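Coordinate analysis (summary)
Spelled out, the chains give:
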Amino acid sequence: MILVTGGAGFIGSNFILDWIAATGEATVNLDKLTYAGNLENLVSLKDDSRHVFVRGDINDRELVGRMLAEHQPRAIIHFAAESHVDRSIHGPGEFIQTNINGTFSLLEEVRAYWQGLQGEEKAAFRFLHVSTDEVYGSLGPNDPPFTEATAYAPNSPYSASKAASDHLVRAYHHTYGLPTLTTNCSNNYGAFQFPEKLIPLILLNALTAKPLPIYGDGLNVRDWLYVGDHCAAIRAVLAGGRLGETYNIGGWNEKTNLDVVHTVCAILDELKPAADHKPYAALITYVKDRPGHDRRYAIDAHKVERELGWKPMETFETGIHKTVAWYLDNMGWVENIVSGEYQKWLATQYGKG
Ligand code: NAD
Ligand code: TYD
C-alpha cells in the first residue's frame, strides 16, 4: 500500500480516488483536517477497505512512526500543506509549521523506516514530494517557462515554505540516500477545490450574484492544469521517475486571470443563466492587488513528457467545462463547505461589503 499525506484536501482526495480506480492499490491517508480537509470528498470510498483514514498531524512523529510500522507502505505521496498564498500573507506561522517543520518531521520518520527495510523493499521504496511552480518566482512576459534548472526565487510566505521543503527533500536524498522524487506543478483546477482559490471562488460568487474580485489589473498569468492530469503525472513519476530528480508538471495553458474569469462566466451563462438574464461577467470588480503578487508562472513540462511519456489530456476548454459542470451538479458539497470559517475568511480577505 501507499501512504498519502493531506489526502482529504483538493488534490490529495482527487489523487486517492484516481489512484484506487487506476491501480486498485490500497492507501492510508494521514490528514489533519484543517479548514481545507474534507472527508466528504472521499465519501464514495466509505465502505472500501482500500482507503484507511487517520486524522493526525504530520508533525506528530510518534503517530507517523506508528503508521509506518503498522501499514508498511511501499511509497509516501506527500501533499499535506498549507496551500493558499493569501492566507500565507495574513498568517505565515502555520505555513512554516506544516510545510517546513511538518515535512522535516515526516522525512525523519520516513528515513528511519526506510533504513529499516531490507533488499527489494528498500530498493523499491519511494518518497514523492508534491510541490509547486511558485518556488521559481515570477516571470516577465517574454521569459521562457520554468524548467527544472530554473533558480529558486520564492516571493510569498507560501512559496518560501514550499521551497524550504523542496530543499529538505533534496538534502535527504543527497545526504542519506532517501529515494525521493519531487514534482513542481502549476495551478490546478477541478472538482473538490476549496472556494478560496480563484476558479471556485468566482463560480460561487457568480451564482450568488456577488462581485467577482479581480486583483490588480487582472493580467497576471497562471498555467492551469486539470487536477486529473496532475494525478496521472504523479502516478507516472512514482512509477518511473529517476531518484533524486524533480519533474515540472504543467498544462501548457497560460491564461490571464481575466481570461479565466471570462471563460467561467461564459460557461455559466450557457449552463445556468442568471435570474436577471445579465451576463455573469457584469459582476467583475477590480480590487486591491495582492502584496508581492507574482506576475506570471509558466511551466516547461518537456522533461516529464520526454522521460516518462506524460502529457496533459485536457485542454483548458475541456477541463474548465467539466469543472463548472461538476460544481453545478454538486451544490450540496458546496453548501457544506460554505461554513462559518469560510465566511470569516471572506470577511478578512474581501471585507464585508
Ligand atoms: P489543500 O489546501 O486543498 O489541502 C491540503 C490538505 O493537507 C488538507 O486536507 C489539510 O487538512 C491537510 N493538512 C494541512 N496541514 C496538515 C498537517 N500539519 N498534517 C496533516 N495534514 C495537513 O491543498 P491542495 O491544493 O490539495 O494542494 C496539495 C499539495 O499540492 C500542496 O502541497 C500544495 O503545495 C501542492 N500544489 C498545489 C497546487 C494547486 O494549484 N492547488 C499546485 C501545485 C502544487
Ligand atoms: P489562486 O487561486 O489564489 O492561486 P495562486 O495565487 O497560488 O496562483 O490565484 C490565482 C490567480 O488569481 C492569482 O494571480 C491571484 C488571482 N486572484 C484574484 O484575482 N482574485 C481572487 O479573489 C483570488 C482568490 C485570486
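Residues numbered from 1 in each chain as written. Chains lettered and ligands numbered in written order. Predicted model: local features only at pLDDT ≥ 70, side-chain atom pairs only at ≥ 80, totals over all residues. Heavy atoms only, no water.

**A short note on the site of ligand 1**
We count it as follows: When at least one non-hydrogen atom of a residue lies within 4 Å of a molecule or strand, that residue is treated as near it. What qualifies as a polar contact is a pair of N or O atoms within 3.5 Å, subject to a donor-acceptor requirement within protein and to the restriction that residues adjacent in sequence count only when both atoms come from side chains. We get accessible surface area from the Shrake-Rupley algorithm with a probe of 1.4 Å; when it comes to residues, only the shown protein chains can shield them. A helix here means a DSSP run of H or I that spans at least four residues, while a strand means a run of E at least two residues long, and both kinds are numbered starting from the N terminus. Residue type decides the class: Asp, Glu, Lys and Arg count as charged, Ala, Val, Leu, Ile, Met, Phe, Trp, Tyr, Cys and Pro as nonpolar, and the leftover types, Gly among them, as polar.
The local shell around ligand 1 holds 28 residues, among which Ile11, Asp31, Ser83, Tyr158 and Lys162 are the closest. Contact between ligand 1 and Asp31: an oxygen atom at 2.6 Å from a side-chain N or O atom of the residue. Here an oxygen atom of ligand 1 and a side-chain polar atom of Tyr158 are 2.7 Å apart. Starting from 830 Å² of accessible surface for ligand 1 in isolation, the protein chains cover 97%. Every element with two or more residues in the shell around ligand 1 is listed here: helix 1 (10–23), strand 5 (126–132), helix 6 (157–176) and strand 7 (187–189). Top contributing element to the shell around ligand 1 by residue count: strand 5, with three residues. Split into classes, the residues belonging to the shell around ligand 1 amount to 12 nonpolar, 12 polar and four charged.

**Describing the sheet that holds strand 11 (residues 254–256)**
Defined as follows: Here the rule is simple: two strands pair whenever DSSP picks up at least two bridges between them. Lines are fitted to the C-alpha atoms to define the axes, a helix being fitted only along its stretch in contact, and any angle between axes, read from their N-to-C directions, falls within 0 to 180 degrees.
Strand order in the open sheet formed by three strands is 7-9-11, with mixed pairing between adjacent strands. A single partner strand is all that each edge strand has here, and the edge strands are strand 7 and strand 11. Across the sheet, the mean angle separating the axes of adjacent strands is 50° when strand polarity is ignored. Pairing between strand 7 and strand 9 (residues 221–226): three bridges, direction parallel. Within strand 9, the position partnered with Asn187 by the bridge is Trp224.

**Observations regarding the pattern of salt bridges**
For clarity, the cut-off: Think of a salt bridge as a Lys or Arg side-chain nitrogen and an Asp or Glu carboxyl oxygen that are within 4 Å of each other. Burial classes: relative accessible area under 20% of the type maximum marks a residue as buried, over 50% as exposed, and values in between as partly exposed (1.4 Å probe, protein chains only).
Per the counting criterion, the structure on display carries 20 salt bridges. A salt bridge links Glu109 to Arg61; its shortest N-O distance comes to 2.9 Å. Taken together, the residues Glu109 in helix 4 (residues 93–115) and Arg61 in helix 2 (residues 61–71) connect sequence positions 48 residues apart. On the basis of relative accessibility, which here comes to 33%, the residue Arg61 falls in the partly exposed class.

**Some remarks on the site of ligand 2**
Taken together, 18 residues surround ligand 2, and among them Glu134, Arg222, Arg290, His293 and Tyr350 come closest. At 2.9 Å, a backbone N or O of Leu198 approaches an oxygen atom of ligand 2. Pro213 has a polar backbone atom sitting 2.9 Å from a nitrogen atom of ligand 2. The protein chains hide 97% of the 510 Å² of surface that ligand 2 would expose on its own. At the level of secondary structure, the elements contributing two or more residues to the shell around ligand 2 comprise helix 7 (198–207) and strand 8 (212–215). Top contributing element to the shell around ligand 2 by residue count: strand 8, with three residues. For the shell around ligand 2, the residue count by class is eight nonpolar, five polar and five charged.

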